[in-house]
Amino acid sequence: MSYVPAEDRYERMTYRRSGRSGLLLPAISFGLWQNFGHEDRPLETGRAIVRRAFDLGITHFDLANNYGPPYGSAEENFGQILQDDLVPYRDELIISTKAGYDMWPGPYGEWGSRKYLLASLDQSLGRMGLDYVDIFYSHRFDPETPLEETMGALDTAVKQGKALYVGVSSYSAEKTREAHAILAELRTPFVISQPSYSMLNRWIEPEVLDTLGKLGVGCIVFSPLAQGMLTDKYLEGIPEGSRATRGSTLSPNLLTAETLEKIRRLNEIAQARGQTLAQMALAWALRDPRVTSALVGASSVEQLEANVAALDRLGFTDGELAEIDRYATESDINLWAKSSSE
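Just so it is clear, the structure is predicted and the values come from calculations on it, not from any experiment.

1. Here we look at the overall build of the protein chain
Part 1: Helices and strands together make up the secondary structure of the protein chain, namely twelve helices and ten strands.
Part 2: A compact globule built from 342 residues would reach a C-alpha radius of gyration of about 20 Å, and the protein chain, at 19 Å, matches this within 12%.
Part 3: Taken along its principal axes, the extent of the C-alpha atoms in the protein chain is 50 × 50 × 40 Å.
Part 4: Within the span of the protein chain, comprising 342 residues, buried residues form 59% of the whole.

See the structure below:
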(Lines give C-alpha, C1' and ligand atoms only; values in the text may rest on other atoms or scores of the structure.)
Protein backbone atom coordinates (compact mmCIF):
# COMPACT_ATOMS: atom_id res chain seq x y z
CA MET A 1 0.00 0.00 0.00
CA SER A 2 1.12 3.55 -0.69
CA TYR A 3 2.15 5.56 2.35
CA VAL A 4 -0.39 8.17 3.44
CA PRO A 5 0.86 10.52 6.18
CA ALA A 6 -1.20 11.36 9.24
CA GLU A 7 -3.65 14.15 8.53
CA ASP A 8 -3.02 15.80 11.89
CA ARG A 9 0.78 15.85 11.55
CA TYR A 10 1.06 19.63 11.64
CA GLU A 11 -1.10 19.85 14.74
CA ARG A 12 1.33 17.60 16.65
CA MET A 13 4.50 19.62 16.19
CA THR A 14 5.75 23.02 17.30
CA TYR A 15 7.55 25.06 14.63
CA ARG A 16 10.10 27.78 15.26
CA ARG A 17 11.52 30.44 13.01
CA SER A 18 15.18 30.06 12.06
CA GLY A 19 16.60 33.40 13.17
CA ARG A 20 15.04 36.25 11.23
CA SER A 21 14.57 34.20 8.06
CA GLY A 22 11.29 33.04 6.60
CA LEU A 23 12.17 29.41 7.35
CA LEU A 24 10.27 27.51 10.03
CA LEU A 25 11.71 24.28 11.42
CA PRO A 26 10.15 21.69 13.71
CA ALA A 27 11.34 21.97 17.32
CA ILE A 28 12.53 18.38 16.94
CA SER A 29 14.35 17.58 13.70
CA PHE A 30 15.54 14.15 12.62
CA GLY A 31 19.20 13.39 11.97
CA LEU A 32 20.51 10.39 10.05
CA TRP A 33 24.06 10.44 11.45
CA GLN A 34 23.59 7.03 13.13
CA ASN A 35 21.48 3.96 12.28
CA PHE A 36 20.90 4.66 8.57
CA GLY A 37 23.95 3.21 6.84
CA HIS A 38 23.94 0.01 4.82
CA GLU A 39 25.85 -1.68 7.66
CA ASP A 40 23.51 -0.57 10.46
CA ARG A 41 19.92 -1.76 10.27
CA PRO A 42 17.60 -3.06 7.56
CA LEU A 43 16.24 -0.38 5.23
CA GLU A 44 12.69 -1.20 6.32
CA THR A 45 13.55 -0.24 9.91
CA GLY A 46 14.79 3.17 8.78
CA ARG A 47 11.83 3.53 6.49
CA ALA A 48 9.40 2.98 9.37
CA ILE A 49 11.21 5.56 11.51
CA VAL A 50 11.21 8.23 8.78
CA ARG A 51 7.54 7.68 8.02
CA ARG A 52 6.64 7.93 11.68
CA ALA A 53 8.73 11.10 12.01
CA PHE A 54 6.74 12.74 9.23
CA ASP A 55 3.50 11.55 10.82
CA LEU A 56 4.57 13.37 13.98
CA GLY A 57 5.16 16.63 12.11
CA ILE A 58 8.93 16.33 11.70
CA THR A 59 9.56 17.97 8.36
CA HIS A 60 13.33 18.41 8.61
CA PHE A 61 15.70 15.54 7.81
CA ASP A 62 19.41 16.23 8.31
CA LEU A 63 22.21 14.32 6.54
CA ALA A 64 25.85 14.68 5.50
CA ASN A 65 27.87 13.24 2.66
CA ASN A 66 29.81 10.78 4.84
CA TYR A 67 27.00 9.48 7.04
CA GLY A 68 26.91 5.71 6.93
CA PRO A 69 28.68 3.33 7.21
CA PRO A 70 29.87 3.12 4.53
CA TYR A 71 30.18 6.78 3.55
CA GLY A 72 27.27 7.96 1.44
CA SER A 73 24.97 5.11 2.37
CA ALA A 74 22.71 7.15 4.67
CA GLU A 75 21.97 9.46 1.75
CA GLU A 76 21.39 6.47 -0.51
CA ASN A 77 18.97 4.88 1.94
CA PHE A 78 17.17 8.16 2.55
CA GLY A 79 16.90 8.64 -1.20
CA GLN A 80 15.24 5.24 -1.46
CA ILE A 81 12.79 6.14 1.30
CA LEU A 82 12.04 9.40 -0.50
CA GLN A 83 11.28 7.57 -3.73
CA ASP A 84 9.17 4.92 -1.99
CA ASP A 85 7.15 7.17 0.30
CA LEU A 86 7.84 10.89 0.38
CA VAL A 87 8.23 12.15 -3.19
CA PRO A 88 4.62 13.43 -3.28
CA TYR A 89 5.43 15.51 -0.17
CA ARG A 90 8.79 16.97 -1.25
CA ASP A 91 7.54 20.53 -0.92
CA GLU A 92 6.60 19.81 2.71
CA LEU A 93 10.14 18.70 3.59
CA ILE A 94 13.35 20.43 4.59
CA ILE A 95 16.29 18.24 3.56
CA SER A 96 19.81 19.25 4.49
CA THR A 97 23.25 17.85 3.80
CA LYS A 98 26.83 18.86 4.54
CA ALA A 99 30.40 18.55 3.32
CA GLY A 100 33.63 19.16 5.19
CA TYR A 101 34.88 15.91 6.66
CA ASP A 102 36.70 13.16 4.78
CA MET A 103 34.67 11.60 2.01
CA TRP A 104 36.98 10.25 -0.69
CA PRO A 105 40.76 9.76 -1.03
CA GLY A 106 43.16 12.43 -2.16
CA PRO A 107 43.55 16.16 -1.59
CA TYR A 108 40.07 17.08 -2.89
CA GLY A 109 38.02 14.77 -0.65
CA GLU A 110 37.62 16.83 2.50
CA TRP A 111 37.79 20.27 4.15
CA GLY A 112 36.44 23.48 2.62
CA SER A 113 37.72 24.03 -0.91
CA ARG A 114 35.37 25.04 -3.69
CA LYS A 115 36.42 21.90 -5.56
CA TYR A 116 35.38 19.61 -2.73
CA LEU A 117 32.17 21.30 -1.61
CA LEU A 118 30.57 21.59 -5.02
CA ALA A 119 31.63 18.12 -6.15
CA SER A 120 30.31 16.68 -2.90
CA LEU A 121 26.96 18.42 -3.27
CA ASP A 122 26.53 16.99 -6.76
CA GLN A 123 27.26 13.52 -5.39
CA SER A 124 24.82 13.99 -2.50
CA LEU A 125 22.04 15.08 -4.85
CA GLY A 126 22.71 12.02 -6.99
CA ARG A 127 22.57 9.64 -4.03
CA MET A 128 19.27 11.10 -2.81
CA GLY A 129 17.73 11.53 -6.24
CA LEU A 130 17.13 15.24 -5.68
CA ASP A 131 17.44 18.36 -7.82
CA TYR A 132 18.21 20.49 -4.76
CA VAL A 133 18.58 20.40 -0.99
CA ASP A 134 16.94 22.95 1.22
CA ILE A 135 20.06 23.62 3.32
CA PHE A 136 23.70 23.00 2.37
CA TYR A 137 26.24 23.28 5.18
CA SER A 138 29.94 23.77 5.52
CA HIS A 139 30.39 20.89 7.96
CA ARG A 140 33.49 22.34 9.64
CA PHE A 141 35.74 25.34 9.45
CA ASP A 142 38.84 24.82 7.29
CA PRO A 143 41.81 26.79 8.66
CA GLU A 144 43.83 26.25 5.45
CA THR A 145 41.25 27.54 2.95
CA PRO A 146 40.22 31.21 2.75
CA LEU A 147 36.76 31.59 4.24
CA GLU A 148 35.83 33.61 1.14
CA GLU A 149 36.36 30.48 -0.95
CA THR A 150 34.30 28.22 1.31
CA MET A 151 31.44 30.70 1.57
CA GLY A 152 31.73 31.44 -2.14
CA ALA A 153 31.12 27.75 -2.84
CA LEU A 154 27.95 27.84 -0.71
CA ASP A 155 26.85 30.93 -2.64
CA THR A 156 27.43 29.13 -5.94
CA ALA A 157 25.31 26.19 -4.77
CA VAL A 158 22.41 28.58 -4.17
CA LYS A 159 22.89 30.44 -7.45
CA GLN A 160 23.00 27.13 -9.33
CA GLY A 161 19.66 26.18 -7.78
CA LYS A 162 21.14 23.22 -5.92
CA ALA A 163 20.44 24.65 -2.44
CA LEU A 164 17.85 27.10 -1.15
CA TYR A 165 19.68 28.14 2.03
CA VAL A 166 23.14 27.68 3.51
CA GLY A 167 24.53 27.08 6.98
CA VAL A 168 27.65 26.25 8.93
CA SER A 169 28.39 23.59 11.52
CA SER A 170 30.78 23.72 14.49
CA TYR A 171 31.95 27.25 13.68
CA SER A 172 33.20 29.57 16.42
CA ALA A 173 31.43 32.85 17.10
CA GLU A 174 34.24 34.76 15.38
CA LYS A 175 34.19 32.63 12.23
CA THR A 176 30.39 32.75 12.19
CA ARG A 177 30.54 36.54 12.13
CA GLU A 178 33.10 36.47 9.32
CA ALA A 179 31.05 33.96 7.34
CA HIS A 180 27.92 36.06 7.81
CA ALA A 181 29.65 39.20 6.53
CA ILE A 182 30.86 37.40 3.38
CA LEU A 183 27.48 35.82 2.69
CA ALA A 184 25.63 39.07 3.35
CA GLU A 185 27.74 40.81 0.74
CA LEU A 186 26.95 37.99 -1.69
CA ARG A 187 23.25 38.19 -0.69
CA THR A 188 23.27 34.48 0.09
CA PRO A 189 20.60 33.24 2.57
CA PHE A 190 22.67 32.17 5.60
CA VAL A 191 19.91 30.97 7.91
CA ILE A 192 21.33 28.47 10.38
CA SER A 193 24.27 27.26 12.42
CA GLN A 194 24.57 23.70 13.70
CA PRO A 195 26.70 23.30 16.85
CA SER A 196 26.91 20.46 19.34
CA TYR A 197 25.12 21.31 22.58
CA SER A 198 23.88 19.44 25.61
CA MET A 199 23.76 19.60 29.38
CA LEU A 200 27.27 18.14 29.39
CA ASN A 201 28.59 20.30 26.53
CA ARG A 202 27.63 23.97 26.95
CA TRP A 203 30.32 25.63 24.83
CA ILE A 204 27.90 27.76 22.77
CA GLU A 205 26.51 29.66 25.76
CA PRO A 206 29.28 32.22 26.36
CA GLU A 207 29.35 33.71 22.87
CA VAL A 208 27.90 31.67 20.01
CA LEU A 209 24.23 32.04 20.97
CA ASP A 210 24.61 35.79 21.44
CA THR A 211 26.30 36.05 18.05
CA LEU A 212 23.55 34.08 16.30
CA GLY A 213 20.86 36.13 18.01
CA LYS A 214 22.42 39.42 16.94
CA LEU A 215 22.98 38.24 13.36
CA GLY A 216 19.47 36.81 13.04
CA VAL A 217 20.78 33.33 12.25
CA GLY A 218 18.99 30.26 13.59
CA CYS A 219 20.57 27.54 15.71
CA ILE A 220 19.92 23.81 15.41
CA VAL A 221 21.77 21.82 18.05
CA PHE A 222 23.14 18.35 17.42
CA SER A 223 23.96 15.67 19.98
CA PRO A 224 21.55 17.17 22.58
CA LEU A 225 21.58 13.77 24.30
CA ALA A 226 25.39 13.78 24.41
CA GLN A 227 25.59 10.84 22.00
CA GLY A 228 23.25 8.81 24.20
CA MET A 229 24.87 9.64 27.53
CA LEU A 230 21.83 11.66 28.60
CA THR A 231 19.51 8.66 28.52
CA ASP A 232 18.74 5.95 31.05
CA LYS A 233 21.10 3.59 29.21
CA TYR A 234 24.21 4.44 31.21
CA LEU A 235 22.79 4.99 34.70
CA GLU A 236 24.34 1.77 35.95
CA GLY A 237 27.49 1.88 33.82
CA ILE A 238 28.16 0.76 30.25
CA PRO A 239 25.82 -2.01 29.07
CA GLU A 240 26.98 -4.58 26.55
CA GLY A 241 25.98 -3.73 22.98
CA SER A 242 25.60 0.00 23.65
CA ARG A 243 27.22 2.62 21.43
CA ALA A 244 30.04 3.00 23.96
CA THR A 245 31.06 -0.65 23.38
CA ARG A 246 31.03 -0.54 19.59
CA GLY A 247 34.04 1.69 18.96
CA SER A 248 31.85 4.44 17.51
CA THR A 249 31.63 8.13 18.42
CA LEU A 250 30.99 7.48 22.11
CA SER A 251 34.21 6.34 23.75
CA PRO A 252 34.00 4.57 27.11
CA ASN A 253 36.66 7.05 28.24
CA LEU A 254 34.01 9.80 28.21
CA LEU A 255 31.88 7.93 30.73
CA THR A 256 33.97 8.73 33.77
CA ALA A 257 32.76 8.11 37.31
CA GLU A 258 32.26 11.85 37.75
CA THR A 259 30.20 12.16 34.57
CA LEU A 260 28.09 9.11 35.41
CA GLU A 261 27.30 10.64 38.79
CA LYS A 262 26.15 13.86 37.06
CA ILE A 263 23.93 11.81 34.77
CA ARG A 264 22.35 9.99 37.74
CA ARG A 265 21.61 13.28 39.49
CA LEU A 266 20.09 14.76 36.36
CA ASN A 267 17.98 11.63 35.98
CA GLU A 268 16.56 12.21 39.47
CA ILE A 269 15.51 15.73 38.47
CA ALA A 270 13.88 14.38 35.30
CA GLN A 271 11.94 11.78 37.28
CA ALA A 272 10.66 14.48 39.61
CA ARG A 273 9.42 16.36 36.54
CA GLY A 274 7.65 13.26 35.21
CA GLN A 275 10.02 12.91 32.26
CA THR A 276 12.75 10.57 31.17
CA LEU A 277 16.27 11.94 31.28
CA ALA A 278 16.33 12.12 27.47
CA GLN A 279 13.08 14.08 27.38
CA MET A 280 14.34 16.56 29.95
CA ALA A 281 17.65 16.93 28.09
CA LEU A 282 15.79 17.81 24.88
CA ALA A 283 13.45 20.23 26.65
CA TRP A 284 16.46 21.86 28.34
CA ALA A 285 18.27 22.29 25.01
CA LEU A 286 15.19 24.02 23.62
CA ARG A 287 14.68 26.33 26.60
CA ASP A 288 16.56 29.20 24.93
CA PRO A 289 14.44 30.94 22.24
CA ARG A 290 17.55 31.35 20.08
CA VAL A 291 17.65 27.55 19.65
CA THR A 292 15.43 26.82 16.68
CA SER A 293 15.48 23.03 16.77
CA ALA A 294 17.14 20.02 18.38
CA LEU A 295 18.38 17.17 16.20
CA VAL A 296 17.60 13.66 17.37
CA GLY A 297 18.35 10.26 15.94
CA ALA A 298 16.54 7.02 16.64
CA SER A 299 17.08 3.30 16.23
CA SER A 300 13.37 2.48 16.55
CA VAL A 301 9.96 4.04 16.16
CA GLU A 302 9.41 3.75 19.91
CA GLN A 303 12.60 5.69 20.66
CA LEU A 304 11.58 8.42 18.21
CA GLU A 305 8.13 8.74 19.79
CA ALA A 306 9.65 8.98 23.26
CA ASN A 307 11.97 11.78 22.13
CA VAL A 308 9.19 13.79 20.49
CA ALA A 309 7.18 13.47 23.70
CA ALA A 310 9.72 15.86 25.24
CA LEU A 311 7.65 18.63 23.65
CA ASP A 312 4.79 17.83 26.02
CA ARG A 313 6.70 19.54 28.81
CA LEU A 314 9.14 22.23 27.76
CA GLY A 315 8.78 24.63 30.67
CA PHE A 316 11.15 24.78 33.65
CA THR A 317 10.84 26.56 36.96
CA ASP A 318 13.72 28.72 38.13
CA GLY A 319 14.32 26.17 40.86
CA GLU A 320 14.57 23.31 38.39
CA LEU A 321 17.03 25.22 36.21
CA ALA A 322 19.16 26.06 39.23
CA GLU A 323 19.22 22.42 40.33
CA ILE A 324 20.08 21.27 36.81
CA ASP A 325 22.95 23.76 36.69
CA ARG A 326 24.56 22.01 39.65
CA TYR A 327 25.14 18.92 37.54
CA ALA A 328 24.87 20.15 33.93
CA THR A 329 28.51 21.17 33.69
CA GLU A 330 31.22 20.78 31.08
CA SER A 331 32.37 17.18 30.91
CA ASP A 332 35.04 17.26 28.19
CA ILE A 333 32.89 15.40 25.66
CA ASN A 334 32.93 17.88 22.75
CA LEU A 335 34.47 15.87 19.91
CA TRP A 336 34.11 18.86 17.58
CA ALA A 337 35.93 21.40 19.75
CA LYS A 338 38.89 21.78 17.40
CA SER A 339 36.78 23.03 14.51
CA SER A 340 34.92 25.53 16.67
CA SER A 341 38.05 26.88 18.34
CA GLU A 342 39.91 27.85 15.16
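2. Observations concerning the side chain of Asp288
Part 1: Along the chain, Asp288 falls in the loop between α9 (277-285) and β10 (293-296).
Part 2: Of the residues examined, Asp288 reaches a relative accessible area of 15% and is grouped as buried.
Part 3: One polar contact links Asp288 to Arg290, side chain to side chain, over a distance of 2.8 Å.
Part 4: What Asp288 contacts, discounting residues up to four positions off in sequence, is Arg16 and Leu209.

3. Regarding the pattern of salt bridges
Part 1: Counted by the stated rule, this structure contains 26 salt bridges.
Part 2: Among the salt bridges present, the one from Arg47 reaches Asp85, with a minimum N-O distance of 2.7 Å. Within this pair, whereas Arg47 is found in helix α2 (residues 43-55), its partner Asp85 is found in helix α3 (residues 73-86), the two being separated by 38 residues in sequence. Across the pair, exposure class does not vary: Arg47 and Asp85 are buried alike.
Part 3: Between Glu342 and Lys338 there is a salt bridge, and its shortest N-O distance comes to 3.0 Å.
Part 4: What you see here is one network of salt bridges that share partners, running through Glu44, Arg47, Arg51 and Asp85.

4. A few points about the environment of Phe190
Part 1: One can find Phe190 in strand β8 (residues 190-194).
Part 2: Taking the relative accessible area as the measure of exposure, Phe190 reaches 9% and is therefore buried.
Part 3: Counting along the chain gives 104 residues from Phe190 to Ala294, while the straight-line C-alpha distance between them is 18 Å.
Part 4: Apart from residues lying up to four places away in sequence, Phe190 is in contact with Val166, Gly167, Val168, Thr176, Ala179, His180, Leu183 and Val217.

5. As for empty space enclosed by the protein
Part 1: Applying the stated criterion across every chain yields a total of one cavity of 30 Å³ or more.
Part 2: Every residue lining the largest cavity is listed: Asn35, Phe36, Gly37, Arg41, Pro42, Leu43, Gly46 and Asn77.
Part 3: Split into classes, the residues belonging to the lining of the largest cavity amount to three nonpolar, four polar and one charged.

6. Some points on the sheet that holds β10
Each strand in a sheet pairs with another by means of backbone hydrogen bonds, the pair being arranged parallel or else antiparallel.
Part 1: Taking strand neighbours around the barrel as the criterion, the eight strands line up as β3-β4-β5-β6-β7-β8-β9-β10 in a closed arrangement whose pairing is parallel. Along the sheet, successive strands turn relative to each other by an average axial angle of 30°, direction set aside.
Part 2: In this sheet, β10 lies alongside strand β9 (residues 218-221) in parallel orientation, the contact comprising two bridges. Its bridge partner being in β10, Val221 is matched across the sheet by Ala294.

7. Structural notes on the packing of helix α5 (residues 147-159) against helix α6 (residues 173-186)
Part 1: One way to put it is that α5 packs onto α6 with a least axis distance of 10 Å and a crossing angle of 45°. Considered as vectors, α5 and α6 are oriented oblique to each other. Taken as a pair, α5 and α6 cross one another with a handedness that is right-handed. Where α5 abuts α6, its residues Leu147, Glu148, Met151, Gly152, Asp155 and Lys159 lie against Lys175, Glu178, Ala179, Ile182, Leu183 and Leu186.
Part 2: Here the residues of the contact of α5 with α6 sort into six nonpolar, one polar and five charged.

Criteria and cut-off values
Residues numbered from 1 in each chain as written. Predicted model: local features only at pLDDT ≥ 70, side-chain atom pairs only at ≥ 80, totals over all residues. Heavy atoms only, no water. Helix = DSSP H or I, 4+ residues; strand = E, 2+ residues; numbered from the N terminus. Rg over C-alpha atoms; globule rule 2.2 N^0.38 Å. Buried < 20%, exposed > 50% of the residue type's maximum accessible area, 1.4 Å probe, protein only. Polar contact = N/O pair within 3.5 Å; in protein donor to acceptor, adjacent residues only side chain to side chain. Contact = heavy atoms within 4.5 Å. Salt bridge = Lys/Arg side-chain N within 4 Å of Asp/Glu carboxyl O. 1 Å grid on protein atoms, 1.4 Å probe; cavity = no way out; pocket = protein on both sides within 12 Å on 5 of 7 lines; lining within 4 Å. Points joined across faces, edges and corners; volume = space filled by probe spheres on them. Nonpolar A, V, L, I, M, F, W, Y, C, P; charged D, E, K, R; others polar. Pairing = 2+ DSSP bridges. Axes fitted to C-alpha atoms, helices over the stretch in contact; angles between N-to-C directions. Parallel < 35°, antiparallel > 145°, perpendicular 65-115°, else oblique. Left-handed = near helix turned anticlockwise from the far one by under 90°.

The values reported here are purely geometric and, on their own, carry no functional implication.
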